[in-house]
2 protein chains.
Amino acid sequence: MRLTTKGRYAVTAMLDLALHEGKGPISLADISERQGISLSYLEQLFAKLRRNELVHSVRGPGGGYQLKRERGAINVAEVIDAVNESVDATGCNKTANCQGGDVCLTHHLWCDLSDQIHGFLSGISLADLVHRHDVQEVAERQQRAMAQPEKLIASSVASAS
Amino acid sequence: MRLTTKGRYAVTAMLDLALHEGKGPISLADISERQGISLSYLEQLFAKLRRNELVHSVRGPGGGYQLKRERGAINVAEVIDAVNESVDATGCNKTANCQGGDVCLTHHLWCDLSDQIHGFLSGISLADLVHRHDVQEVAERQQRAMAQPEKLIASSVASAS
DNA sequence: ACTAAAGCCTAGTAAAATGGTCGGAATAAT
DNA sequence: ATTATTCCGACCATTTTACTAGGCTTTAGT
């Protein structure tokens, strides 16, 4: 089981796409600016998201990415799985050969935990997140920041409350 | 949030202690043999477990480790916390300064997930694990293996089913 | 046709974490 | 004294993370 910035970035970027749906393709440059994630890193993450059929790309000027399915049909667990290549906590990857070809003492515990986490995250869709109050507030703040591009870099270092 | 072999090893070792409670101190060498965890690595893990008041050590020959509290009073979350120094999924470590002094889009999602995981793991005590059928079966297998020490190394490589 | 904006791809890389090893203390039972 | 054990600090190889660099391809706009 891995839950690091990688997965967090992926979910954040996908949520950004969900928030700006209907405005045509969103460029990674925009996401990079709004969410403070390195552009090249985003490219790598989106390569995986595309391979996993979560986003659809449009090349050329004015191009960018769009969600491949509607936001209610994409859940958080999928997104993390796509970039992490496994949301599994067992280590033996459910093969149960943790101890010399046999299960280790705590094998089933980690299986249960994996199910728990997966269940929680797969129960949350991008649409659910979009409708959360805290997400809407942050999204509005980001939109205001984008309106004054020259302040963007500064505000990303010293919080302009 | 980190859930890797480190935490798994710690929980496995603590469960091994719980299973052999009442037989006096258990040496790390025994645990190393039974659970297939490197002795030196166990030493490092137990240094943290001791600092976190989860185990009690006895030095000298015949020494070893014992649970500091009864097994019903030690839960899995504590053990993982002790070796990982945080069972937190947020990355900003709940300080909410993920994006230039302000919360990022998905801050609250990760807070919720952390609560979920912590709630699940803190609801499981070592005593709970000891009573599980699968744990008892594995423990018995390990006891049989310990009875024939010469076969231990071999069976840890090629499964002797 | 040209240019520029975007996606796409590969390689490299510094820093951190993981999962150890090694050597030598200190301590206590025999 | 010897020996079995915990303790402790340094070191190390490998992997992952998060990121940069650079080049190539596609395509809209002029």
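Scroll up a little and you will see the structure.
These remarks concern the structure in this document. Keep in mind that what you see is a predicted model, and the values were worked out from it rather than measured.

Each value, and the rule that gives it
Residues numbered from 1 in each chain as written. Chains lettered and ligands numbered in written order. Predicted model: local features only at pLDDT ≥ 70, side-chain atom pairs only at ≥ 80, totals over all residues. Heavy atoms only, no water. Near = heavy atom within 4 Å. Polar contact = N/O pair within 3.5 Å; in protein donor to acceptor, adjacent residues only side chain to side chain. Helix = DSSP H or I, 4+ residues; strand = E, 2+ residues; numbered from the N terminus. Nonpolar A, V, L, I, M, F, W, Y, C, P; charged D, E, K, R; others polar. Core = buried A, V, L, I, M, F, W, Y, C linked by side-chain atoms within 4.5 Å. Buried < 20%, exposed > 50% of the residue type's maximum accessible area, 1.4 Å probe, protein only. Contact = heavy atoms within 4.5 Å. Salt bridge = Lys/Arg side-chain N within 4 Å of Asp/Glu carboxyl O. Pairing = 2+ DSSP bridges. Phe/Tyr/Trp six-rings, centres within 6.5 Å; stacked < 30°, edge-to-face > 60°. Axes fitted to C-alpha atoms, helices over the stretch in contact; angles between N-to-C directions. Parallel < 35°, antiparallel > 145°, perpendicular 65-115°, else oblique. Left-handed = near helix turned anticlockwise from the far one by under 90°.

1. Digging into the protein's contact with DNA strand C
Here comes step 1: Contacts to DNA strand C come from 26 residues, most closely from Ser 57 and Tyr 65 of chain A together with Thr 5, Ser 38 and Arg 59 of chain B.
Here comes step 2: Among all atoms of DNA strand C positioned within 4 Å of the protein, those belonging to sugar or phosphate total 58%.
Here comes step 3: Tyr 9 of chain B is positioned such that a nitrogen or oxygen atom in its side chain is 3.0 Å from a phosphate oxygen of DNA strand C.
Here comes step 4: In the model, a base oxygen of DNA strand C is placed 3.0 Å from a nitrogen or oxygen of the Gln 44 of chain B side chain.
Here comes step 5: Those elements giving two or more residues to the surface near DNA strand C turn out to be helix H3 (39–51), strand E1 (55–58) and strand E2 (64–67) of chain A together with helix H1 (5–19) and helix H3 (39–51) of chain B.
Here comes step 6: When the residues that make up the surface near DNA strand C are grouped by side-chain class, the tally is 7 nonpolar, 13 polar and 6 charged.

2. Here's the deal with the nonpolar core
Here comes step 1: Met 14 and Phe 46 of chain A together with Met 14 and Phe 46 of chain B are the most contacted members of the largest nonpolar core, which totals 83 residues.
Here comes step 2: Those residues within four positions of Phe 46 of chain A in sequence are excluded, and the remaining contacts are Ala 13, Leu 17, Leu 28, Ile 31, Val 55 and Tyr 65 of chain A.

3. Here we look at the pattern of salt bridges
Here comes step 1: Following the criterion strictly, the structure yields 12 salt bridges over all chains and no others.
Here comes step 2: For Arg 69 of chain B, the salt bridge goes to Glu 78 of chain B, with nearest N and O atoms at 3.0 Å.
Here comes step 3: On the basis of relative accessibility, which here comes to 24%, the residue Glu 78 of chain B falls in the partly exposed class.
Here comes step 4: For Arg 132 of chain B, the salt bridge goes to Asp 134 of chain B, with nearest N and O atoms at 3.3 Å.
Here comes step 5: Look at Asp 134 of chain B and you get buried, because its relative accessible area is 17%.
Here comes step 6: The network of salt bridges with shared partners includes Asp 112 of chain A together with Arg 132 and Asp 134 of chain B.

4. Topic: the protein's contact with DNA strand D
Here comes step 1: What surrounds DNA strand D is a group of 24 residues, the closest being Thr 5 and Gln 44 of chain A together with Leu 28, Ser 57 and Tyr 65 of chain B.
Here comes step 2: Between DNA strand D and Arg 59 of chain A there is a distance of 2.7 Å, counted from a base oxygen to a side-chain nitrogen or oxygen.
Here comes step 3: Where the surface near DNA strand D is concerned, the elements lending two or more residues are helix H1 (5–19) and H3 of chain A together with H3, strand E1 (55–58) and strand E2 (64–67) of chain B.
Here comes step 4: Per-class residue counts for the surface near DNA strand D are 7 nonpolar, 11 polar and 6 charged.

5. A closer look at the side chain of Asn 75 of chain A
Residues and elements named next belong to chain A.
Here comes step 1: Here Asn 75 shows up in the loop between E2 and helix H4 (76–84).
Here comes step 2: Looking at Asn 75, the relative accessible area reads 17%, which means it is buried.
Here comes step 3: At a separation of 3.0 Å, a polar atom in the side chain of Asn 75 contacts the main-chain amide nitrogen of Ala 77.
Here comes step 4: Apart from residues no more than four positions distant in its own chain, Asn 75 is found in contact with Leu 121, Ser 122, Ile 124 and Ser 125.

6. Here we look at the pairing of E1 of chain A
Residue and element names in this part refer to chain A.
Here comes step 1: Where E1 meets E2, 4 bridges bridge the pair, whose relative direction is antiparallel. Paired with Val 58 across the bridge in E2 is Gly 64.
Here comes step 2: Connecting the antiparallel pair E1 and E2 is a turn made up of 5 residues, with Gly 60 showing a positive phi of about 85°.

7. A look at the packing of aromatic side chains
All names here are of chain B.
Here comes step 1: Applying the stated rule across the entire model yields 4 aromatic pairs over all chains.
Here comes step 2: Note on Phe 46 and Tyr 65: the rings are 4.7 Å apart at their centroids and 45° apart in plane angle, and the pair reads as tilted. A residue pair is termed long-range when its members are at least 10 positions apart, and Phe 46 in helix H3 and Tyr 65 in strand E2 qualify at 19 residues. In terms of burial, Phe 46 and Tyr 65 fall into one category: buried.

8. Examining the environment of Leu 105 of chain B
Here comes step 1: The topology assignment puts Leu 105 of chain B in the loop between helix H4 (76–84) and helix H5 (107–122).
Here comes step 2: In contact with Leu 105 of chain B, other than residues within four places in its own chain, are Thr 12, Leu 15, Asp 16, Leu 19, Gln 35, Asp 134, Val 135, Val 138, Ala 139 and Gln 142 of chain A.

9. Regarding the packing of helix H2 (residues 28–35) of chain A against H3 of chain A
Residue and element names in this part refer to chain A.
Here comes step 1: For the pair H2 and H3, interaxial distance at closest approach is 9 Å and the crossing angle is 120°. As summarised for this structure, H2 and H3 are arranged oblique, according to the angle between their axes. Regarding H2 and H3, the two cross each other, and that crossing is right-handed. For the pair H2 and H3, the contacting residues are Leu 28, Ala 29, Ile 31 and Ser 32 in the first and Leu 39, Leu 42, Glu 43 and Phe 46 in the second.

Don't take any of this as a statement about function, it's just geometry.
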